[in-house]
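Remarks on the overall topology
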Amino acid sequence: MEDFVFYNPTKIIFGKGKISELGNEVKQTSQKVLLVYGRGSIKKNGVYDQVVSSLRTAGIEFVELPGVKPNPVLSKVYEGIKLAKKEKADGIIAVGGGSTIDTVKTIAAGFYYDGDIWDAFTGNYEVKRSLPIYVVLTLSATGSEMNKGAVITNEGTRQKYAFVAPTSYPRVSIIDPSVQFSLPRIQTANGSADAISHVMELYFDGTSDVLIEDEISEGIIRTIIRSTDILMKEPDNYNAHANLAWSATLALNGITSTGRSGGDWSCHAIEHSISALYDIAHGSGLAIVTPAWMKYVHKEDIGKFARFAEKIFGVEESDEERAALEGIERLKNWFKSVRLPASLSDVGISSTEIDKIVDNAAMRTPFGTLKRLEREDIREILKLCV
């Protein structure tokens, strides 16, 4: 286990009916906020009305920025920064999932920056100040409700990059699992794949002797799988949503990274190129890439992959190689069981597109910690995704 500092200032308010507490939380820092959300589902499931009611009761003024799309884009960020400055907002609220939250984090950082906020994603600007950020979570997947990172796609360059900053932690995030009852099953499945991948990017980073982190990580993955299986049959099961929601938050709030080397993140790097180019759901892309990456690199830490197979899927096999491969196959089959794609062809991407994806992903090579990946490694992994 490596030395670490663990810090997470986000306050979580969890449970049924808790959106009503939003206004009182926001008024601790802000009097006029930018309210950011997606394409209107919150107006159908009652979440919008709850948010607006709470803000009005607390006397908080707000101006709205709707229309955030999955795989959030830089142009919407620019629109939000311009609007927040024009309206002199002193706070910002995300109502949605990771796409909305990441958009809000970037707007919050760009509010105080006179240059192009894309500089934060390319390493040319260090974010040191942001508007106060508040979150009402409607889709559990990214963990962005309790971390300091954001991912945005630059449509002009087709780059999907991330930035992290201490000021990007939300002040308060409200998680009411009951608002996720109306989610289509595929969105729940995509969110689950995303959350599992977050845990695995850290679990398989090559750090040795992190027993407590391994146990926590395995428990989170098992809980996500069991909860998702229930929700595929019972989409309004509150306890399954609650366990899934909190697991997805814990997957990337820093607790699973303590004592580790920082994570591998190869699957995310490759998937970001796929979804930047083809705009597929992030979770679906990870369901395709993750088993392929595992198969390509498993011999780099065969014991850990065998442990994964045993702890997650109950594989009883004395031969570590066979155990590892069985665990990889069972993960792939589980993704299939919740109707996630298993190959690039399943999402309409042919093998002739591999060079295009490789070119995009290779702009930031090498990456990965368990195995450092170069251009040809990426190509071989993508061949396993066909």
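Preceding this section is the structure that the text describes.
Below is a summary of the structure that appears in this document. (Residues numbered from 1 in each chain as written. Predicted model: local features only at pLDDT ≥ 70, side-chain atom pairs only at ≥ 80, totals over all residues. Heavy atoms only, no water.)

Before going further, it helps to examine the overall build of the protein chain. A count of helical and extended segments in the protein chain gives 15 helices and 8 strands. On C-alpha atoms alone, the protein chain measures out to a radius of gyration of 20 Å, which is about the 21 Å that the 2.2 N^0.38 rule sets for 386 residues. Buried residues in the protein chain amount to 58% of all 386 residues. Pairs at least 24 residues apart make up 77% of the contacts formed inside the protein chain by residues separated by at least 6 positions. Approximately 15,600 Å² of the protein chain is accessible, and the part contributed by carbon and sulfur atoms is 48%. (Helix = DSSP H or I, 4+ residues; strand = E, 2+ residues; numbered from the N terminus. Rg over C-alpha atoms; globule rule 2.2 N^0.38 Å. Buried < 20%, exposed > 50% of the residue type's maximum accessible area, 1.4 Å probe, protein only. Contact = heavy atoms within 4.5 Å. Areas by Shrake-Rupley, 256 points an atom, 1.4 Å probe, with all protein chains shown as cover.)

On to the environment of Pro70, then. Of note, Pro70 is situated in the loop between β3 (61-65) and α4 (74-87). Counting along the chain gives 307 residues from Pro70 to Asp377, while the straight-line C-alpha distance between them is 28 Å. Residues within four places of Pro70 in sequence aside, it is in contact with Arg39, Ser99 and Asp279.

Take the sheet that holds β3 next. Adjacent strands of a sheet pair through backbone hydrogen bonds, lying either parallel or antiparallel. Pairing is parallel across the open sheet formed by 6 strands, whose spatial order is β1-β8-β5-β4-β2-β3. Each of the sheet's edge strands pairs with one partner strand only, and the pair in question is β1 (11-14) and β3. For this sheet, the mean angle separating the axes of adjacent strands, direction not counted, is 20°. Pairing analysis gives 4 bridges linking β1 to strand β8 (residues 172-175), with the strands arranged parallel. Paired with Ile13 across the bridge in β8 is Ile174. Helix α3 (residues 47-57) rests against β2 (32-37), β3, β4 (91-96) and β5 (133-137) of the sheet, and its axis sits at about 150° to β3. Here α4 sits on the sheet and contacts β2 and β3; the angle it forms with β3, its principal contact strand, is near 155°. (Pairing = 2+ DSSP bridges. Axes fitted to C-alpha atoms, helices over the stretch in contact; angles between N-to-C directions.)

Moving on, we come to the environment of Ala94. With respect to the helices and strands, Ala94 occurs in strand β4. Considering only alpha carbons, one finds Ala94 and Thr138, 44 residues apart in sequence, at a separation of 9.8 Å. With near-sequence residues (within four places) excluded, Ala94 lies in contact with Val36, Thr100, Ile101, Val104, Tyr134, Val135 and Val136.

The full count for this structure, using the stated rule, is 15 salt bridges. The closest approach of N and O atoms between Lys18 and Glu21, which form a salt bridge, is 3.7 Å. Residue Lys18 is classed as partly exposed on the basis of its relative accessible area of 27%. The partner of Arg307 in a salt bridge is Glu215, and the shortest N-O contact between them spans 3.4 Å. One end of the pair, Arg307, is in helix α12 (residues 302-313); the other, Glu215, is in helix α8 (residues 211-233), and 92 residues separate them in sequence. In the salt-bridge network here, residues are joined through shared partners; they are Asp214, Arg260 and Lys304. (Salt bridge = Lys/Arg side-chain N within 4 Å of Asp/Glu carboxyl O.)

Next up on the list: the nonpolar core. Within the largest apolar cluster, 59 residues are counted, with the highest numbers of intra-cluster contacts made by Phe204, Ile270, Ile274, Trp293, Met294, Phe308 and Leu382. A per-element tally of this core places helix α11 (residues 282-297) first, with 8 residues. Aside from chain neighbours lying at most four places away, what touches Phe204 is Asp264, Trp293, Met294, Lys304, Phe305, Phe308 and Leu370. Among the nonpolar cores identified, the runner-up in size contains 36 residues, and Val68, Ile92, Ile152 and Ala165 belong to it. (Core = buried A, V, L, I, M, F, W, Y, C linked by side-chain atoms within 4.5 Å.)

What follows is about a nonpolar patch on the surface. A contiguous nonpolar patch, built from Met1, Phe4, Phe6 and Ile212 and spanning about 410 Å² of accessible area, is present on the exposed surface. By the secondary structure assignment, Ile212 is in helix α8. (Patch = residues over 30% accessible without salt bridge, like charges linked within 9 Å, V, L, I, M, F, W, Y side chains within 5 Å.)

Take the side chain of His268 next. Here His268 is to be found in helix α10 (residues 266-278). A polar atom in the side chain of His268 sits 3.4 Å from the side chain of His282. Once you skip the residues sitting within four places of it in the chain, His268 turns out to touch Asp194, Ser197, His198, Glu201, His282 and Leu286. (Polar contact = N/O pair within 3.5 Å; in protein donor to acceptor, adjacent residues only side chain to side chain.)

The N-to-C vectors of α4 and helix α5 (residues 98-110) enclose an angle of 50°; their axes lie 9 Å apart at closest approach. Comparing the axis directions of α4 and α5 gives the class oblique. Regarding α4 and α5, the two cross each other, and that crossing is right-handed. On α5, the residues that touch Lys76, Val77, Gly80, Ile81 and Lys85 of α4 are Thr103, Thr106, Ile107 and Gly110. Considering only residue class, the contact of α4 with α5 consists of 3 nonpolar, 4 polar and 2 charged. (Parallel < 35°, antiparallel > 145°, perpendicular 65-115°, else oblique. Left-handed = near helix turned anticlockwise from the far one by under 90°. Nonpolar A, V, L, I, M, F, W, Y, C, P; charged D, E, K, R; others polar.)

On to the packing of α8 against α12. Packed helix pairs are characterised by how far apart their axes lie and by the angle those axes make with each other. One can describe the packing of α8 onto α12 by two numbers: an axis separation of 10 Å at closest approach and a directional angle of 45°. Comparing their axes, α12 and α8 come out oblique. With respect to the hand of their crossing, α8 and α12 are arranged in right-handed fashion. Residues Leu211, Asp214, Glu215, Glu218, Ile221, Arg222 and Ile225 of α8 form the contact with α12, whose participating residues are Lys304, Arg307, Phe308, Lys311, Ile312 and Phe313. For the contact of α8 with α12, the per-class residue count stands at 6 nonpolar, no polar and 7 charged.

Note that every value here comes from positions in space, so none of it alone points to a role or purpose.
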